[in-house]
Amino acid sequence: MMYYGYRCYNEDDKPLGWLYTPTATEITWTDKNFDWCKKWKTQKGAEKYLNNYNSRWHFQSRGGYLKIEVMPLDELKPITSRKQEILGEWGDNIVDNKIKEDKKLPIISFTPTLEMMQWLNKERWDSESDEDLIKRKLHKFMKMEREGY
């Protein structure tokens, strides 16, 4: 199967890697793990979002650009085959531990309002991920609550 992705270039036309977004607000590139990358089955699908990602990349990279290219097939592994590899190496213990861990630390999802997002972005430290920012703020509020605020 063929996939299309966004190849990241710097301002000197040097290819860096393939675009991926670790969080909703972060944008970066990788040349190692293609499972993380933004990819589409059709060129038309990739073209649909190119302007959005390209403008973000251009700003962040200070002049770089994105180009739609066919991703290297030999380096793409389906996610299921990677899971099978891990299970083959480590056995079922990994699955059991993951289930136990997920029960202890559940994933909480919410959609902040525009006002909340603006405030969070003002409060963000340099290169702080969304997860780290929210954890930091929650810890601060917990501390304030314990102190009687």
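Look up a bit, the structure's there.
The sections below set out a description of the structure shown in this document.

Criteria and cut-off values
Residues numbered from 1 in each chain as written. Predicted model: local features only at pLDDT ≥ 70, side-chain atom pairs only at ≥ 80, totals over all residues. Heavy atoms only, no water. Helix = DSSP H or I, 4+ residues; strand = E, 2+ residues; numbered from the N terminus. Expected span 1.5 Å × (residues − 1). Salt bridge = Lys/Arg side-chain N within 4 Å of Asp/Glu carboxyl O. Buried < 20%, exposed > 50% of the residue type's maximum accessible area, 1.4 Å probe, protein only. Pairing = 2+ DSSP bridges.

**With respect to helix H5 (residues 130-146)**
An ideal rise of 1.5 Å per residue puts 24 Å on 17 residues; H5 measures up with 24 Å between its terminal C-alpha atoms. The positive-phi residue at the C-terminal boundary of H5 is Gly148, with phi of around 90 degrees.

**Section: the pattern of salt bridges**
Within the structure shown, the criterion is met by five salt bridges. Between Lys135 and Glu131 there is a salt bridge whose closest N-O contact spans 2.9 Å. Separated by four residues within a single helix, Lys135 and Glu131 lie in helix H5, roughly one turn from each other. Judged by its relative accessible area of 43%, Lys135 falls in the partly exposed class.

**A short note on the pairing of strand E1 (residues 4-9)**
The buried count for E1 comes to five of six residues, which makes it a mostly enclosed element. Sheet topology note: the E1/strand E4 (residues 39-40) ladder contains two bridges and is antiparallel. By the bridge assignment for E4, Gly5 is matched with Lys39. Pairing between E1 and strand E5 (residues 65-70): six bridges, direction antiparallel. Bridged to Gly5 within E5 is Glu69. Across three bridges, the pairing between E1 and strand E2 (residues 15-20) is antiparallel. Looking across to E2, one finds that Cys8 is bridged to Gly17. The turn joining E1 and E2, which pair antiparallel and follow one another in sequence, is formed by five residues; a positive phi near 65 degrees is taken by Asp13.

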